[in-house]
Amino acid sequence: MPKAMQYKKGSIIYFEGDKDDRIFILQSGLIVLTSNDLETDQPVTEQVKNGEFFGVKSALGHFPREETATVLLDCVTISMSVTEFETIFSPNKQVIMKMLRVFSGQLRQIHKKTESILMNNASINQADGMFSVAKSFYNDEQYRACCDICIKYLTLYPNTFDKEAVAKLYADAKLRKEKLAARAAAAPQTTHQATEGALKQFMLPAFSRFAKKYENEQVIISEFEPGDSFYLIQSGEVQLVKCVNGSKKNLDILKPGEFFGEMAILDNSPRSATCMAIGPVECLEFNKANFELLVTGNPQIAIILLKLFCKRIYDQKRRLKILTIKDLHSRIADVFCMYDEMNPVANPTDRARRFNITIPDIAHWAGLSPEVTKDELHKYIEKNKVEAFDNYMIVTNIEDMKRTAEMKSLRR
């Protein structure tokens, strides 16, 4: 059962970095949350108001606390476990929708900061952005995806200045796509096994009207287009791609049971990434009109969405933390540290680590060109701190990498 907890002025409810699965509601008194801004490293404080939750993201995501909770005036809080929170509040539409919108806004702000660094603060309008995405897929010989985005562009912007250039790109990509399809038809065919989604309740006949099927390399969502729907993967895999300075960056690969596209329908913003089918994909498509009804009628979905936002916020903050490191040598080291955090080992005392990571992967996470990444990695290889192979790398001493990454605070 949730417990009423009393704290005296000057008390610390939890410190940044603590592992603590409790969720709190402030009943009376005054509490502030203190953390450091990732870009400036300056302290940031946020006051918790009476009736507000705190500690939610780290508890639901099972991550270390991101802030320190300090009591400024004697206070009373309600403390509960994640299970108790789910039981009590998952049926409460008002609370859940408010949290989803708050988390969506936080994630959007982190995305904007990340994009600002990657794109050197350059701004781009939606039409130009979509055209750039289409050209990047064309340059990578993914003609089916290029065609899909061109069609979306011409539908959204039929009278734009660039419509002839887009139509020409579409026609060229379509011819190349058809040639590739003819070659594929003559080659031995492989079969794709459908993978049952992790959320079995969505296999009920009642959800069949929301079902959509996509072919290999078909674009489900294009970066920069307006968002009016989100998706749940039932089978297959979906790749998330972002176009940065004309080249594609692979963000993630989503599997059955995962959502995508939900952020845009919560805050009415353009899509922040392109989502493309890898092989045959089956999804359920939900729109703004039925989104709140879906969450209200399915409390489990609401909790899953909250946890998804918590994970994405944590992951994006981790990415942003890497990009804010000015010293490139330390930045590369922090990429290895991030992979170590993502892949815990059975024996933590073993300082050597093997990561299934390549130079393009490191370049992506560090926001650097492959050439610069190679130069920085070569310094580690020369000192026998890293061994690089075609599909993996070995860090000989992860503690040494952590020390190097920690030097970032001296080089900002």
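Placed above this text is the structure.
Residues numbered from 1 in each chain as written. Predicted model: local features only at pLDDT ≥ 70, side-chain atom pairs only at ≥ 80, totals over all residues. Heavy atoms only, no water.

**Quick word on the overall build of the protein chain**
Condition: By the criteria applied, helices consist of DSSP H or I runs no shorter than four residues and strands consist of E runs no shorter than two, each listed in order from the N terminus. Two things to know: the radius of gyration comes from C-alpha atoms, and the globule rule equals 2.2 Å times the number of residues to the power 0.38. Classification of residues uses two cut-offs on accessible area relative to the type maximum, computed with a 1.4 Å probe and protein chains only: under 20% is buried, over 50% is exposed, and between them is partly exposed. Here, residues are in contact when the closest pair of their heavy atoms is within 4.5 Å. Here the open area of atoms and residues is found with the Shrake-Rupley method and a 1.4 Å probe, where only the protein chains shown may cover a residue.
Each helix and strand in the protein chain was counted, giving 13 helices and 15 strands. For 412 residues, the compact-globule formula gives about 22 Å, and the C-alpha radius of gyration of the protein chain, at 23 Å, lands near that figure. If one aligns the C-alpha atoms of the protein chain with their principal axes, the spans along those axes are about 75 × 60 × 45 Å. Sorting the 412 residues of the protein chain into buried and exposed places 46% on the buried side. Summarising the internal contacts of the protein chain: among those between residues at least 6 apart in sequence, 76% fall at separations of at least 24. Summed over its atoms, the accessible surface of the protein chain is roughly 21200 Å², and 52% of this surface lies on carbon and sulfur atoms.

**Quick look at the environment of Ser-269**
Inspection of the secondary structure puts Ser-269 in the loop between α7 (262-267) and β12 (274-287). Between the alpha carbons of Ser-269 and Asp-148 there is a distance of 21 Å; along the sequence they are 121 residues apart. Ignoring any residue separated from it by four or fewer positions in sequence, one finds Ser-269 in contact with Arg-108, Gly-227 and Ala-264.

**Section: the pairing of strand β3 (residues 23-36)**
To be explicit about the condition: Two strands qualify as a pair provided DSSP detects at least 2 bridges between them.
Where β3 meets strand β6 (residues 68-80), 10 bridges bridge the pair, whose relative direction is antiparallel. Within β6, the residue paired with Ile-23 across the bridge is Met-80. Strand direction decides the pairing type here: β3 and strand β4 (residues 43-48), joined by 6 bridges, are antiparallel. Along β4, the bridge assignment pairs Leu-33 with Glu-46. In sequence, β3 turns back onto β4 through a hairpin of 6 residues, with Asp-41 there showing a positive phi of about 65°.

**Examining the sheet that holds strand β15 (residues 393-395)**
Put simply, the rule reads: Inter-axis angles, ranging from 0 to 180 degrees, are taken between N-to-C directions of lines fitted to C-alpha atoms, where helices are fitted over the stretch in contact.
Reading across the sheet, the 3 strands line up as β13-β15-β14 and stay open at both edges, with antiparallel pairing between neighbours. Edge strands, defined here as strands with exactly one partner in the open sheet, are β13 (353-355) and β14 (386-388). The average angle at which neighbouring strand axes cross in this sheet is 15°, direction not considered. Across the face of the sheet, helix α10 (residues 328-342) comes into contact with β13, β14 and β15 while running at roughly 95° to β13.

**Concerning unusual backbone geometry**
Phi is positive for Asp-41, which is not a glycine, with a value near 65°. Tracing the chain through its elements places Asp-41 in the loop between β3 and β4. You can call Asp-41 partly exposed: its relative accessible area is 33%.

**Some words on the pattern of salt bridges**
Where we set the bar: Here a salt bridge means any side-chain nitrogen of Lys or Arg lying within 4 Å of a carboxyl oxygen belonging to Asp or Glu.
Considering all chains together, one arrives at 23 salt bridges under this definition. Of the charged contacts in the structure, one is a salt bridge between Lys-212 and Glu-285, with a shortest N-O distance of 3.8 Å. Note that Lys-212 is positioned in strand β7 (residues 211-214) and Glu-285 in strand β12, a separation of 73 residues in sequence. Under the relative-accessibility criterion, Lys-212 is labelled partly exposed at 37%.

**Focus on empty space enclosed by the protein**
Operational definition: The definitions used throughout rest on a 1 Å grid laid over the protein atoms alone, on which a cavity is an enclosed set of points accommodating a 1.4 Å probe that cannot get out and a pocket is an open set flanked by protein within 12 Å on both sides along at least five of seven lines; lining residues are those having an atom within 4 Å of a point. Grid points are joined across faces, edges and corners, and a volume is the space filled by probe spheres set on the points.
This structure, assessed with the given rule, holds 2 cavities of 30 Å³ or more. In this structure, the largest cavity occupies an estimated 90 Å³ of space. Forming the boundary of the largest cavity are His-111, Thr-114, Glu-115, Leu-118, Lys-242, Val-244, Lys-249, Leu-251, Gln-316, Arg-319 and His-364. Listed by contribution, the elements that provide at least two residues to the lining of the largest cavity are α3 (93-118), β9 (229-244), β10 (247-254) and α9 (299-323).

**Describing the pairing of β6**
Looking at chain direction, strand β1 (residues 3-7) and β6 are connected through 5 bridges and run antiparallel. For Lys-3, the partnering residue across the bridge sits in β6 and is Ser-79. Pairing geometry for strand β2 (residues 12-14) and β6, over 2 bridges, is antiparallel. Within the sheet, the bridge partner assigned to Ile-12 lies in β6 and is Thr-70.

**Focus: the state of the cysteines**
The criterion, for reference: Note on disulfides: each one is a pair of cysteine sulfur atoms within 2.5 Å.
Going through the model one piece at a time under the given rule, you end up with 0 disulfides. There is no disulfide at Cys-147, and the cysteine sulfur nearest it, in Cys-146, is 5.7 Å away. Given a relative accessible area of 2%, Cys-147 falls into the buried group.

**Notes on the packing of α3 against α9**
Quick reminder of the rule: An angle counts as roughly parallel when it lies under 35 degrees, as roughly antiparallel when it exceeds 145, as roughly perpendicular when it falls between 65 and 115, and as oblique in every other case. Each crossing is labelled by how the near helix is turned from the far one, with a counterclockwise turn of less than a right angle marking it left-handed and a clockwise turn marking it right-handed. Throughout this entry, Asp, Glu, Lys and Arg are counted as charged residues, while Ala, Val, Leu, Ile, Met, Phe, Trp, Tyr, Cys and Pro are counted as nonpolar. The remaining residues, Gly among them, count as polar.
Remark: α3 packs on α9, axes separated minimally by 9 Å, with the N-to-C direction vectors making an angle of 20°. Relative to α9, the element α3 lies roughly parallel. Considering only the axes of α3 and α9, their crossing is left-handed. Residue classes in the contact of α3 with α9 are distributed as 16 nonpolar, 5 polar and 4 charged.

**Looking at the nonpolar core**
Note that soluble globular proteins tend to have their nonpolar side chains buried in a common cluster. Heads up, the condition is: Put simply, buried Ala, Val, Leu, Ile, Met, Phe, Trp, Tyr and Cys residues joined by side-chain atoms within 4.5 Å make one nonpolar core.
Ranked by internal contacts, the top residues of the largest apolar core, which has 40 residues, are Phe-85, Leu-100, Phe-291 and Leu-306. Ranked by residues supplied to this core, first place goes to α9 with 10 residues. Those residues in contact with Leu-306 that sit more than four places away from it in its chain are Leu-60, Phe-85, Ile-96, Met-99, Leu-100 and Phe-103.

**Here we look at the environment of Ile-124**
Assignment of secondary structure puts Ile-124 in the loop between α3 and α4 (126-139). A sequence separation of 39 residues divides Ile-124 from Lys-163, and the C-alpha atoms of the two residues are 17 Å apart.

**Section: the packing of α9 against α10**
For the pair α9 and α10, interaxial distance at closest approach is 9 Å and the crossing angle is 160°. Relative to α10, the element α9 is oriented roughly antiparallel. By crossing handedness, the relation of α9 to α10 is classed as right-handed. Of the residues in α10, those in contact with Arg-318, Lys-321, Ile-322 and Leu-323 of α9 are Arg-331, Asp-334, Val-335, Cys-337, Met-338 and Glu-341. Class assignment for the residues of the contact of α9 with α10 results in 5 nonpolar, no polar and 5 charged.

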